[in-house]
Amino acid sequence: MAKRLYEVWKGKNKFIFKGRLIFGPDAKSMIVTLLLIIVPVVIFCTNVARNLFDETSGNIAGYAVLMVTVVFTIYVLILLLLTSARDPGIVPRNLHPPTEEICYDSSASIDVGRQTPTPRLPPTREVIVNGMPVRVKYCITCQLYRPPRCSHCSVCDNCVERFDHHCPWVGQCIGLRNYRSFFLFISSSTILCIFIFAMSALNIKFLTDDYGTVWKAIKESPLSVVLMVYCFIFLWFVGGLTCFHLYLIGTNQTTYETFRYRGPERPRIYDLGCLNNFREVFCSRIKPSRNNFHAYVQENERGFARGMNSGTYISDLDGNRREKVEDDREIGGDLLKISQRREGEDA
């Protein structure tokens, strides 16, 4: 009986609705992200926004604060879903190694005066990008030469085009097809934090005018102060992340490239100029997915081989696998730690 692609998928992804939505293996962490957004918004709407509505005596401004908060929160949640439940740009695995790339090592062994050539795949090959040579690596798991800017995510166990990082907060890789929604999600979360902080501060001001002192205003609405502290702390994270990715977009870099291949002497092959870089991210058409996870696959298409036993490069790749797993997780979790670790290794 034929099965659908998502049922025989070799990656670590999780699927719902018969493969129409795809998540990372750590998709449960998105529940924490949802709570971090929804809980303070509910507190704001049921306490602070209600107080502002009473202070404005049912004016349209009171309605506007509540409506803006609700609509913008829904917008942020939709962006979170688009980022987390979309194919980030997974490159389909090959059933067999690319035979046209196989070369032969004639010095492998000699049997009765005859050389027995040993087939092997070169670990890298050169391609030309924007007039400059770029080395791409062979992935033994996916059995293909990765496209430029593609990397294998050790968390999801997939090669992802224009791999940026694996984000534990959305439980998904950030790549070619969901980077735009990811940036809009973090930037919109920043704006939502600023809005709630400002409205909570305005509520304290109104209460101070009514009760005479700030202390009495805080005692009257302690949740306003709690929300201000929460938004201030949260703003350091999402605001800093937004500024960092504005820099990456302006220079056409990815998080992975920035921390993996640091150095001022490294040429920026993909830099098209600041304006064109922003156009590429926000104005270009999102490419269709290379995978139809809902489609049926034939019996002979289910077996995804794990790669050739080539002693020339497998040992090097396996030796670096544990370090790559740590990098993929830490890039999404703590960019500063990766930078400090790399600086220590360079020293």
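Preceding this section is the structure that the text describes.
Residues numbered from 1 in each chain as written. Predicted model: local features only at pLDDT ≥ 70, side-chain atom pairs only at ≥ 80, totals over all residues. Heavy atoms only, no water.

Draft legend 1. Fine view of the overall build of the chain. A tally of regular secondary structure across the chain gives 10 helices and 15 strands. Residue burial in the chain is summarised as follows: out of 347 residues, 42% are buried. Residue pairs at least 24 apart in sequence account for 66% of intrachain contacts in the chain once pairs closer than 6 positions are excluded. About 18700 Å² of surface is accessible on the chain, with carbon and sulfur atoms providing 62% of the total. (Helix = DSSP H or I, 4+ residues; strand = E, 2+ residues; numbered from the N terminus. Buried < 20%, exposed > 50% of the residue type's maximum accessible area, 1.4 Å probe, protein only. Contact = heavy atoms within 4.5 Å. Areas by Shrake-Rupley, 256 points an atom, 1.4 Å probe, with all protein chains shown as cover.)

Draft legend 2. Expanded view of the side chain of asparagine 178. As for its placement among the helices and strands, asparagine 178 is situated in the loop between strand 14 (172–174) and helix 3 (179–211). For asparagine 178, the contacting residues outside a window of four places in its chain are Leu82, Thr83, Arg86, Pro88, Gln172 and Cys173.

Draft legend 3. Representation of the packing of aromatic side chains in the model. Under the defined criterion, the tally for this structure stands at 15 aromatic pairs. Relative to phenylalanine 293, the ring of phenylalanine 15 has its centre 5.1 Å away and its plane inclined at 50°; by these criteria the two rings are tilted. With phenylalanine 15 in strand 2 (residues 14–16) and phenylalanine 293 in the loop between helix 7 (274–282) and strand 15 (296–297), this pair connects stretches of sequence that are 278 residues apart. Note on phenylalanine 15: relative accessible area 17%, which makes it buried. (Phe/Tyr/Trp six-rings, centres within 6.5 Å; stacked < 30°, edge-to-face > 60°.)

Draft legend 4. Inspection of the pattern of salt bridges at higher detail. The tally for this structure, following the rule as stated, stands at 4 salt bridges. With a shortest N-O distance of 2.9 Å, arginine 149 and glutamate 257 are connected by a salt bridge. Taken together, the residues arginine 149 in the loop between strand 10 (144–145) and strand 11 (151–153) and glutamate 257 in helix 6 (residues 255–260) connect sequence positions 108 residues apart. (Salt bridge = Lys/Arg side-chain N within 4 Å of Asp/Glu carboxyl O.)

Draft legend 5. Quick peek at empty space enclosed by the protein. For the structure shown, the criterion picks out 3 cavities of 30 Å³ or more. Estimated volume of the largest cavity: approximately 130 Å³. Mapped onto the lining of the largest cavity, the elements with two or more residues apiece are helix 1 (29–55), helix 3 and helix 5 (222–251). Looking at the lining of the largest cavity residue by residue, the classes come out as 11 nonpolar, 2 polar and no charged. As a volume, the second largest cavity reaches approximately 110 Å³. (1 Å grid on protein atoms, 1.4 Å probe; cavity = no way out; pocket = protein on both sides within 12 Å on 5 of 7 lines; lining within 4 Å. Points joined across faces, edges and corners; volume = space filled by probe spheres on them. Nonpolar A, V, L, I, M, F, W, Y, C, P; charged D, E, K, R; others polar.)

Draft legend 6. Representation of the side chain of aspartate 26 in the model. For aspartate 26, the location among the structural elements is in the loop between strand 3 (21–23) and helix 1. For aspartate 26, the side chain forms a polar contact with the side chain of histidine 166, separated by 3.0 Å. If we skip the residues at most four places from it in the chain, aspartate 26 touches His166, Pro168, Gly171 and Gln172. (Polar contact = N/O pair within 3.5 Å; in protein donor to acceptor, adjacent residues only side chain to side chain.)

Draft legend 7. Just the sheet that holds strand 9 (residues 132–139), in detail. The sheet built from 3 strands is open, its strands ordered 8-9-10 with antiparallel pairing. Where the open sheet ends on each side, the last strands, each with one partner, are strand 8 (124–129) and strand 10. When strand 8 meets strand 9, the two strands line up antiparallel, connected through 6 bridges. Pairing of glutamate 126 across the sheet is with arginine 135, part of strand 9. (Pairing = 2+ DSSP bridges.)

Draft legend 8. Representation of the layout of surface pockets in the model. What the second largest pocket holds in volume is close to 500 Å³. Together, 20 residues line the second largest pocket, and Arg149, Arg162, Leu176, Glu280 and Lys287 are the ones closest to its centre. Those elements that provide at least two residues to the lining of the second largest pocket are helix 3 and helix 7.

Draft legend 9. Region of interest: the environment of proline 98. If you trace the backbone, proline 98 turns up in the loop between helix 2 (60–84) and strand 4 (103–105). Proline 98 sits in the buried class, given a relative accessible area of 11%. Considered as a pair, proline 98 and leucine 121 are 23 residues apart in the sequence and their alpha carbons are 8.4 Å apart.

Draft legend 10. Geometry of the nonpolar core. With 34 residues, the main nonpolar core has Phe44, Phe185 and Ile196 as its most contacted residues. Every element with two or more residues in this core is listed here: helix 1, helix 2, helix 3 and helix 5. Not counting residues up to four positions away in its chain, the partners in contact with phenylalanine 44 are Ala49, Val65, Thr69, Ile196, Met199, Ser200 and Leu227. (Core = buried A, V, L, I, M, F, W, Y, C linked by side-chain atoms within 4.5 Å.)

Draft legend 11. Helix 3, seen in detail. In this model helix 3 runs 48 Å from its N-terminal to its C-terminal C-alpha over 33 residues, within 8% of the 48 Å that 1.5 Å per residue would give. Glycine 212 lies just past helix 3 and shows a positive phi near 95°. (Expected span 1.5 Å × (residues − 1).)

Draft legend 12. Quick peek at the pairing of strand 9. In this sheet, strand 10 lies alongside strand 9 in antiparallel orientation, the contact comprising 2 bridges. Among the inter-strand pairings, cysteine 139 is bridged to a residue of strand 10, identified as leucine 144. The antiparallel hairpin formed by strand 9 and strand 10 contains 4 residues in its connecting segment, where glutamine 143 sits at a positive phi of about 55°.

Everything listed here is a matter of coordinates, which is why it stays silent on function.
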